[in-house]
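# Fold and geometry: a report
Here is what each chain is made of, one letter per residue.
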Amino acid sequence: MAPEELMPDILHRISIDAPVKRVHDLIASTEGIARWWSGRPLSGEHAVGSSFSVYFGDGERPAAVMQVLADSPEEVEWLVTAGPDSWLDTHISFVLRPAKHGGTTLLFTHAGWQQASEFMSGCSTNWGAYLTSLKHGAERDAFAAYPNSEISRWD
């Protein structure tokens, strides 16, 4: 029996000095996602079973389409149904845990990549920056969505 091949994942752990509910509300709403990630309005709906589209810059085609698989106070999970080939059928999850003094520990995973690559490395870098935007936005409304947080550019 051949050993099962492991698929690489992007993992981040972020400490946020804001209540779990505030962090959840920013992750689990199209308005919130636009504030910390895309920097422009999304289309669709953030509800379990529904999908939403994320746009960057002035493009008219969505950069990615996410189906909402789970949305509870403790976890939000999306399935990528359209976007970059490397993202197709990957899962993006946000696990929220209460931390000391009313804060939140966010465990982020972008799972199911077919292989590690330069593109995956750039996405990991950018996810870290966008999650920092989420952190600063949740803590003090200092969001830095696209293009301000894009560190690894694809010209």
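Preceding block: the structure.
This report concerns the structure included in the present document. (Residues numbered from 1 in each chain as written. Predicted model: local features only at pLDDT ≥ 70, side-chain atom pairs only at ≥ 80, totals over all residues. Heavy atoms only, no water.)

### Some points on the side chain of S149
As for its position among the elements, S149 is in the segment after α3 (118-140). Judged by relative accessible area, which is 8%, S149 ranks as buried. Within the structure, the side chain of S149 is placed 2.3 Å from the backbone oxygen of A144, a separation counted as a polar contact. Those residues within four positions of S149 in sequence are excluded, and the remaining contacts are N126, A129, Y130, S133 and A144. (Helix = DSSP H or I, 4+ residues; strand = E, 2+ residues; numbered from the N terminus. Buried < 20%, exposed > 50% of the residue type's maximum accessible area, 1.4 Å probe, protein only. Polar contact = N/O pair within 3.5 Å; in protein donor to acceptor, adjacent residues only side chain to side chain. Contact = heavy atoms within 4.5 Å.)

### Here we look at the packing of aromatic side chains
Within the structure shown, the criterion is met by 12 aromatic pairs. Plain terms: the ring middles of F52 and W78 are 5.1 Å apart, the flat faces sit at 80° to each other, and that makes the pair edge-to-face. Separated by 26 residues along the polypeptide, F52 in strand β3 (residues 51-54) and W78 in strand β5 (residues 75-82) bring together distant segments of the chain. Residue classification places F52 among the buried positions, given a relative accessible area of 1%. When the centroid spacing of 5.0 Å and the interplanar angle of 65° are considered together, the rings of W78 and F94 count as edge-to-face. Here F94 lies in strand β6 (residues 91-98) and W78 lies in strand β5, a separation of 16 residues in the sequence. The same class applies to W78 as to F94, namely buried. Taken together, the ring pairs connect W36, W37, F52, F56, W78, W87, F94, F108, W127 and Y146 into an aromatic cluster. (Phe/Tyr/Trp six-rings, centres within 6.5 Å; stacked < 30°, edge-to-face > 60°.)

### As for the nonpolar core
I27, W36, W37, W78, W87 and F94 are the most contacted members of the largest nonpolar core, which totals 36 residues. Top contributing element to this core by residue count: α3, with 7 residues. (Core = buried A, V, L, I, M, F, W, Y, C linked by side-chain atoms within 4.5 Å.)

### Looking at the packing of helix α2 (residues 30-38) against α3
For the pair α2 and α3, interaxial distance at closest approach is 8 Å and the crossing angle is 125°. When the axis of α2 is compared with that of α3, the two are oblique. Listed contacts from α3 to R35, W36 and W37 of α2 are W127, Y130, L131, S133 and L134. Broken down by class, the residue content of the contact of α2 with α3 amounts to 6 nonpolar, 1 polar and 1 charged. (Axes fitted to C-alpha atoms, helices over the stretch in contact; angles between N-to-C directions. Parallel < 35°, antiparallel > 145°, perpendicular 65-115°, else oblique. Nonpolar A, V, L, I, M, F, W, Y, C, P; charged D, E, K, R; others polar.)

### Overview of the pattern of salt bridges
Summed over the entire model, instances satisfying the criterion amount to 5 salt bridges. In this structure, the salt-bridge partner of E139 is R140, at a minimum N-O distance of 3.5 Å. Residues joined by salt bridges that share partners form a network here, namely R22, R35 and D141. (Salt bridge = Lys/Arg side-chain N within 4 Å of Asp/Glu carboxyl O.)

Shape descriptors only; they carry no functional weight alone.
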